[in-house]
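Notes for the structure review
This is what each chain is made of:
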Amino acid sequence: MAKDADVSRFMSLVLRHAPEQGGLTLDSNGWTDFATLCGVLSERFGVSAADVRRIVEQSPKKRFVLDGDRIRAAQGHSVKVDLGLAPVAPPDRLFHGTKLDSLPTILVEGLTKQARQHVHLSPDIETARVVADRRPGKSVILIVDTTAMQATGMTFFLSENGVWLTDAVPSQYLTVKDD
Ligand code: HQG
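Our subject in this report is the structure included herewith. Computed from a prediction, not measured in an experiment: that's the story for all the values here.

Here the focus is the sheet that holds strand E5 (residues 119-121). Working definition: the strands of a sheet are paired by backbone hydrogen bonds and lie parallel or antiparallel to each other. With antiparallel pairing, 3 strands are arranged side by side in an open sheet as E5-E8-E7. Here the strands that pair on one side only, and so sit at the sheet edges, are E5 and strand E7 (157-158). Two elements, E7 and strand E8 (residues 164-166), share 2 bridges in a ladder whose sense is antiparallel. Directly across from Leu158, in E8, lies its bridge partner Trp164.

Rendered as C-alpha cells:
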C-alpha cells in the first residue's frame, strides 16, 4: 500500500492546486465531496476511506479539514477559493521563514503571495524555521510587526490549522532576526 506521505502529498495537490489532476472540482469555498476523493485515492493508491480519515486525523499539520461529507485544505491554496475566514487580531509579532537568496528582493518588495492566495506567517520562530528549512540553502527568519500593519488597516486571518494569512507584508514592517 502507498505511504501516507504520498497520499497526503497528492491530497495537497488536488485540494490546493490542481483538482483536475484527480478529476475533482472544488466549490467556491474549497470543499469537495469526501467520498469522491476517497474513490480517486482508492484507485490511485489502494487506500480505503478509513485510511484517508486516519491520514487526515494524523496529519501533524492538520492540513485537511473533514466536515461531514466534505473535505478541504485548511490553507496553502493556489487556486482561488474563499476560505470564509473572519479577520482576527494577531499577536504583536509574527514570523516568516525564508531563504537568504530571497532576502534582497523581499527587503525591497516585501513579502508577496507568490503562487498562493496569501502570504503565510508563523506564530513562533520554531515553526518559521521549519517552513524555511523545507528548502535548500541558508534559512532566514523575518519578524513581522503586526501592530504597525494593523494600525494602517491591514488584516490577518488564522487558518483552521494555525497558519496566519495576510495579503502582503510591505518591507517596512519586516526585521531580519539575528542568528
Ligand atoms: C518567498 C507550508 C522573493 C517566501 C508551510 C517563500 C507554509 C519571496 C516563497 C506554507 C517574496 C513562497 C507556505 C518576494 C515571498 N521575493 N521571494 N517578494 N515574497 N517570497 O511555499 O511561506 O507544508 O508559497 O519567503 O507551513 O514558504 O505545504 O510559501 O520562501 O504554511 O502544508 O517565496 O507551506 O505548508 O513559497 O510556505 P510558498 P511559504 P505545507
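Another point: the sheet that holds strand E2 (residues 64-67). One open sheet accounts for 3 strands, arranged E1-E3-E2; its pairing is antiparallel. Pairing within the sheet leaves two strands with one partner each, and these edge strands are strand E1 (32-33) and E2. Direction of pairing for E2 relative to strand E3 (residues 70-73): antiparallel, over a ladder of 4 bridges. Opposite Leu66, over in E3, you have Ile71 as the bridge partner.

What counts, and at which threshold
Residues numbered from 1 in each chain as written. Predicted model: local features only at pLDDT ≥ 70, side-chain atom pairs only at ≥ 80, totals over all residues. Heavy atoms only, no water. Pairing = 2+ DSSP bridges. Helix = DSSP H or I, 4+ residues; strand = E, 2+ residues; numbered from the N terminus.

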